[in-house]
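# Architecture at a glance
Now for the letters of each chain:
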Amino acid sequence: MACSGVLKSLIRSSYLGSTTRNFSLISNQVSNHTAKWMQDTSKKSPMELINEVPPIKVEGRIVACEGDNNPALGHPIEFICLDLKEPAICKYCGLRYVQEHHH
């Protein structure tokens, strides 16, 4: 069985010993970005914006949430059961759904 050049170089590099990657640079970039986002109190956070959307009333027991009418802007389809009286929340976009007869 012949190995390709890429595979051979991967095998060779695995025998060179363990290499330590420095993720502190990435960690600093993430924390700086988060700090910059949190210091601007004039803008609402994404969670505050999604919580302003009232629960969507539906007639059936199951709702299919895609996040947006345009599939390119949405998320994978999520089927949500609405048997409880409390609004059910989509795990991808945070939209809330409730059965019509419960409210």
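Structure first, text after, so check above.
Residues numbered from 1 in each chain as written. Predicted model: local features only at pLDDT ≥ 70, side-chain atom pairs only at ≥ 80, totals over all residues. Heavy atoms only, no water.

## A few points about the nonpolar core
The test is simple: By nonpolar core we mean a set of buried residues, namely Ala, Val, Leu, Ile, Met, Phe, Trp, Tyr and Cys, connected to one another through side-chain atoms within 4.5 Å. Summary of the burial criterion: residues with accessible area below 20% of their type's maximum are buried, those above 50% are exposed, and those between are partly exposed, where the area comes from a 1.4 Å probe applied to protein chains only. Contacts are residue-level and defined by heavy atoms, with any inter-residue pair within 4.5 Å sufficient.
Ile50, Val58, Val63, Cys65, Ile80, Leu82, Ala88, Cys90, Leu95 and Tyr97 together form the largest nonpolar core, which totals 10 residues. Ile80 has contacts with Arg61, Ile62, Val63, Cys65, Ala88, Ile89, Cys90 and Tyr97, leaving out every residue within four places of it along the chain.

## Focus on the pattern of salt bridges
Rules: Within this document, salt bridges are pairs made up of a side-chain nitrogen of Lys or Arg and a carboxyl oxygen of Asp or Glu, the two lying within 4 Å of each other. Helix and strand labels come from DSSP, where a helix needs a run of H or I of at least four residues and a strand needs a run of E of at least two; each type is numbered from the N terminus.
Following the criterion strictly, the structure yields three salt bridges and no others. Between Arg61 and Asp83 there is a salt bridge whose closest N-O contact spans 2.8 Å. You can see Arg61 sitting in the loop between β1 (56-58) and β2 (62-65) and its partner Asp83 sitting in the loop between β3 (78-81) and β4 (88-89), a full 22 residues away along the chain.

## Here's the deal with the side chain of Gln99
Using the following cut-off: For the purposes of these results, a polar contact is taken to be a pair of N or O atoms within 3.5 Å, where, inside protein, one atom must be able to donate a hydrogen and its partner to accept one; residues adjacent in sequence count only when each atom of the pair is a side-chain atom.
Tracing the chain through its elements places Gln99 in strand β5 (residues 96-99). Within the local environment of Gln99, its side chain forms a polar contact with the backbone oxygen of Gly60, the two atoms lying 3.3 Å apart. Once residues lying within four places of it in the same chain are set aside, the contact partners of Gln99 are Val58, Gly60, Arg61, Leu82 and Asp83.

## Description of the side chain of His75
Take His75: it is sitting in the loop between β2 and β3. Of the polar contacts made by the side chain of His75, one reaches the backbone nitrogen of Gly67; its length is 3.2 Å. Apart from the residues within four sequence positions on either side, His75 is in contact with Cys65, Glu66, Gly67, Cys90, Tyr92 and Cys93.

## Observations regarding the environment of Ala64
Among the secondary structure elements, Ala64 is positioned in strand β2. Looking at Ala64, the relative accessible area reads 41%, which means it is partly exposed. Sequence separation between Ala64 and Phe79 is 15 residues, and the spatial gap between their C-alpha atoms is 4.5 Å. Beyond its immediate stretch of four places on either side in the chain, Ala64 contacts Ile77, Glu78 and Phe79.

## Re the pairing of β3
Stated formally: By the convention used here, strands pair only if DSSP detects at least 2 bridges between them.
Judged by which residues are buried, β3 turns out to be one-sided: Glu78 and Ile80 face inward and are buried, whereas Phe79 and Cys81, on the alternate face, are not. Two elements, β2 and β3, share four bridges in a ladder whose sense is antiparallel. Of the residues in β3, the one forming a bridge with Ile62 is Cys81.

## As for the environment of Pro87
As for its placement among the helices and strands, Pro87 is situated in the loop between β3 and β4. Sequence separation between Pro87 and Pro55 is 32 residues; the distance between their C-alpha atoms is 6.7 Å. Among residues more than four places away in sequence, those in contact with Pro87 are Pro55, Arg96, Tyr97 and Val98.

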